[in-house]
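# Descriptive analysis of the structure
Residues per chain are reported as follows:
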Amino acid sequence: MPDHTPPDVVPSPPPRGSGPGEGENTSSTRYFCNEPWIGVLSIEVDGDVTFCPCYLKLGLGNVETASLQELWNAPALVEIRRAFSAGALPSACRGQLCAPALGTASYLSEIPSAEA
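First, a word on scope: everything that follows refers to the structure included in this document. (Residues numbered from 1 in each chain as written. Predicted model: local features only at pLDDT ≥ 70, side-chain atom pairs only at ≥ 80, totals over all residues. Heavy atoms only, no water.)

For the rest of this paragraph, the subject is the pairing of strand β3 (residues 58-62). As defined by bridge partners, strand β2 (residues 48-51) adjoins β3 across 4 bridges and the pair is classed as antiparallel. Opposite F51, over in β3, you have L58 as the bridge partner. With antiparallel pairing between neighbouring strands as the criterion, β2 and β3 make up a hairpin whose turn holds 6 residues, including C52 at a positive phi of roughly 55°. (Pairing = 2+ DSSP bridges. Helix = DSSP H or I, 4+ residues; strand = E, 2+ residues; numbered from the N terminus.)

Further remarks concern the packing of aromatic side chains. In this description, an aromatic ring pair is defined by two values, namely the gap between the centres and the angle between the planes. On inspection of all chains with the given rule, the structure shows 2 aromatic pairs. Ring geometry for F32 versus W37: centroids 5.4 Å apart, planes at 20°, classification stacked. For the pair F32 and W37, one class covers both residues: buried. Considering the side-chain rings of F32 and F84, the 6.4 Å spacing of their centres and the 70° angle between planes classify their relative orientation as edge-to-face. (Phe/Tyr/Trp six-rings, centres within 6.5 Å; stacked < 30°, edge-to-face > 60°. Buried < 20%, exposed > 50% of the residue type's maximum accessible area, 1.4 Å probe, protein only.)

Taken together, the 3 strands give an open sheet; going across it, the order is β1-β2-β3, and neighbouring strands pair in antiparallel fashion. Two strands in the sheet have a free side with no partner beyond their single neighbour: β1 (41-43) and β3. Sheet twist, expressed as the mean angle between neighbouring strand axes with direction ignored, is 25°. (Axes fitted to C-alpha atoms, helices over the stretch in contact; angles between N-to-C directions.)

Okay, unusual backbone geometry next. Look at C52: it is not a glycine, yet its phi comes out positive at around 55°. Checked against the element boundaries, C52 lands in the loop between β2 and β3. For K57, which is not glycine, the phi dihedral falls at a positive 55°. Mapped onto the secondary structure, K57 falls in the loop between β2 and β3. On the basis of relative accessible area, K57 is assigned to the exposed category, the value being 51%.

This is how it looks when you write it as structure tokens:
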């Protein structure tokens, strides 16, 4: 049976309460998006895997050549997690029109509970 324990390189989300406030978008905004931890991966018919299929459309690879664990821990996705863990907007997300990239509160900017 494969080990599904995430590797140590995957940063944890920041503590609850450290995300952006309702509607704020200032230079001191602390950016956060929960998608890199609990988000959607889209798997196309040809096996191509995309993270954030509604906005970023970040290609991670293909299920024919990589395991889901490898795709979930792709360097680009780990870097996005790192940036959001530090409260920064990842470079890959700049220019996106989703609430986290705009610095506004939404269900995407809620920090997941460890109790789930």
